[in-house]
Amino acid sequence: MDRADHAAEQNTWNDVDDYVTGLLHSPDIGLERAIAISDQYGLPSIQVSATLGKLLNLLAQISRAHRILEIGTLGGYSTIWLARALPQDGRLITIELEPRNARVARSAIDTAGLADRVDLRIGAAVDVLPEIESESVAPFDMVFIDADKENGAAYLEWAVKLSRTGSLIVIDNVVRAGAITEENSDDPKVIGSRAALDCLGAHPEIDSTVIQTVGAKGYDGFAIAVVERLP
Ligand code: DHB
Ligand code: MG
């Protein structure tokens with residue numbers, strides 16, 4: 001496909017995302033402000049699209065999630081989508097490596113009126129996840145993995161460890177415009193995402209698939225998995 005074809009396809013995907021968002025999504029000033037704050041502070045514009053944020057929200061609703069773990073907060077946009085699905089007494093823990101991103105996210109989450117529901121932890125997830133485990137809190141009903149792709153397999157193992165039978169795990173960016181099929185890729189993000197998918201496939205306790213997505217963020221996809229712990 002040449003550049004012009006690709007641009008035309010991307011325009012179509014943007015138009016459909018805009019149409020669906022206008023038709024089916026209620027306006028949410030908290031989400032709009034989250035994007036504005038992220039842009040203002042120069043965070044990379046790699047947050048989930050509105051339609052994929054809404055998909056995360058719907059998945060959280062369908063699984064009646066009370067406790068959600070997010071690995072990779074960035075500016076808090078997906079955090080807000082997920083936390084909006086929580087009941088009043090629900091809780092979301094989100095982990096962000098970069099203190100600057102975390103400050104932006106804190107402001108966006110507070111502006112969205114979700115301060116009481118979201119516990120934002122700053123640090124490397126590989127350090128914060130063992131701390132969460134040591135707190136012996138109840139397992140998570142849903143985990144969204146959207147941090148550095150290089151550690152994807154490790155994050156998946158942690159997600160399983162902190163889950164229960166029936167927990168839902170979603171991993172972002174596992175298609176990468178098709179690059180995921182490149183066995184000999186030297187892109188660390190592809191290598192990391194392939195390792196996470198290998199881990200999903202090899203895991204006796206996990207049932208999963210990948211849904212390929214197009215839209216405002218181009219061509220990518222979510223891995224969607226359920227933990228089926230054997231008795
Ligand atoms: C990248 C990371 C993401 O989480 C994403 O959704 C898109 C791109 C990246 O690191 O390039
Ligand atoms: Mg992502």
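Quick caveat, the model's predicted, so the values are computed rather than measured.

*Asks:* Residue-level account of the pairing of strand 4 (residues 140-145), with values.
*Replies:* In terms of burial, strand 4 is largely enclosed, as six of its six residues are buried. Looking at chain direction, strand 4 and strand 5 (residues 163-171) are connected through five bridges and run parallel. If you follow Phe 144 over to strand 5, its bridge partner there is Val 170. Note that the unit made of strand 4, helix 7 (residues 152-161) and strand 5 has a crossover that is right-handed.

*Asks:* Can you tell me about the coordination of the magnesium ion (ligand 2), naming the residues and giving the values?
*Replies:* The expected angle between donors at a tetrahedral four-coordinate metal is 109.5 degrees. At an octahedral six-coordinate metal it is 90 or 180 degrees. Coordination of the magnesium ion (ligand 2) by the protein involves Asp 146 (OD), Asp 172 (OD) and Asn 173 (OD1), with metal-donor separations of 2.0 to 2.2 Å. When the donors of the magnesium ion (ligand 2) are listed by position in the chain, the intervening gaps give D-x25-D-N. Residue class for Asp 172 comes out buried when judged on its relative accessible area of 6%.

*Asks:* A description of unusual backbone geometry should follow, citing residues and the corresponding values.
*Replies:* Residues other than glycine seldom take positive phi values, yet Leu 74 does so here, at roughly 50°. With respect to the helices, strands and loops of the structure, Leu 74 is situated in the loop between strand 1 (67-71) and helix 4 (77-83). Overall, the relative accessible area of 17% leaves Leu 74 in the buried class. With phi around 55°, Ala 177 is a residue other than glycine that occupies positive phi space. Topologically, Ala 177 is positioned in the loop between strand 5 and helix 8 (188-202).

*Asks:* So what's going on with the packing of aromatic side chains? Which residues, and what values?
*Replies:* Counted by the stated rule, this structure contains one aromatic pair. Ring geometry for Phe 144 and Phe 222: centres 6.0 Å apart, planes at 85°, overall edge-to-face. Separated by 78 residues along the polypeptide, Phe 144 in strand 4 and Phe 222 in strand 7 (residues 218-227) bring together distant segments of the chain. A residue is classified by how much of its surface remains accessible, and Phe 144, at 0% relative accessible area, is buried. The aromatic ring of Phe 140 is capped on one face by Arg 67, whose charged end is 4.6 Å from the ring centroid. Geometry around Trp 158 places Lys 161 over its ring, the cationic atom sitting 4.2 Å from the centre.

Rules of the game
Residues numbered from 1 in each chain as written. Chains lettered and ligands numbered in written order. Predicted model: local features only at pLDDT ≥ 70, side-chain atom pairs only at ≥ 80, totals over all residues. Heavy atoms only, no water. Buried < 20%, exposed > 50% of the residue type's maximum accessible area, 1.4 Å probe, protein only. Helix = DSSP H or I, 4+ residues; strand = E, 2+ residues; numbered from the N terminus. Pairing = 2+ DSSP bridges. Right-handed = clockwise from strand over helix to strand, strands pointing away. Donors = N, O, S within 2.8 Å, 3.2 Å for Na, K, Ca; no water. Phe/Tyr/Trp six-rings, centres within 6.5 Å; stacked < 30°, edge-to-face > 60°. Lys NZ or Arg CZ within 6 Å of the ring centre and 35° of its normal.

Keep in mind that these numbers describe shape and distance, not what the molecule does.
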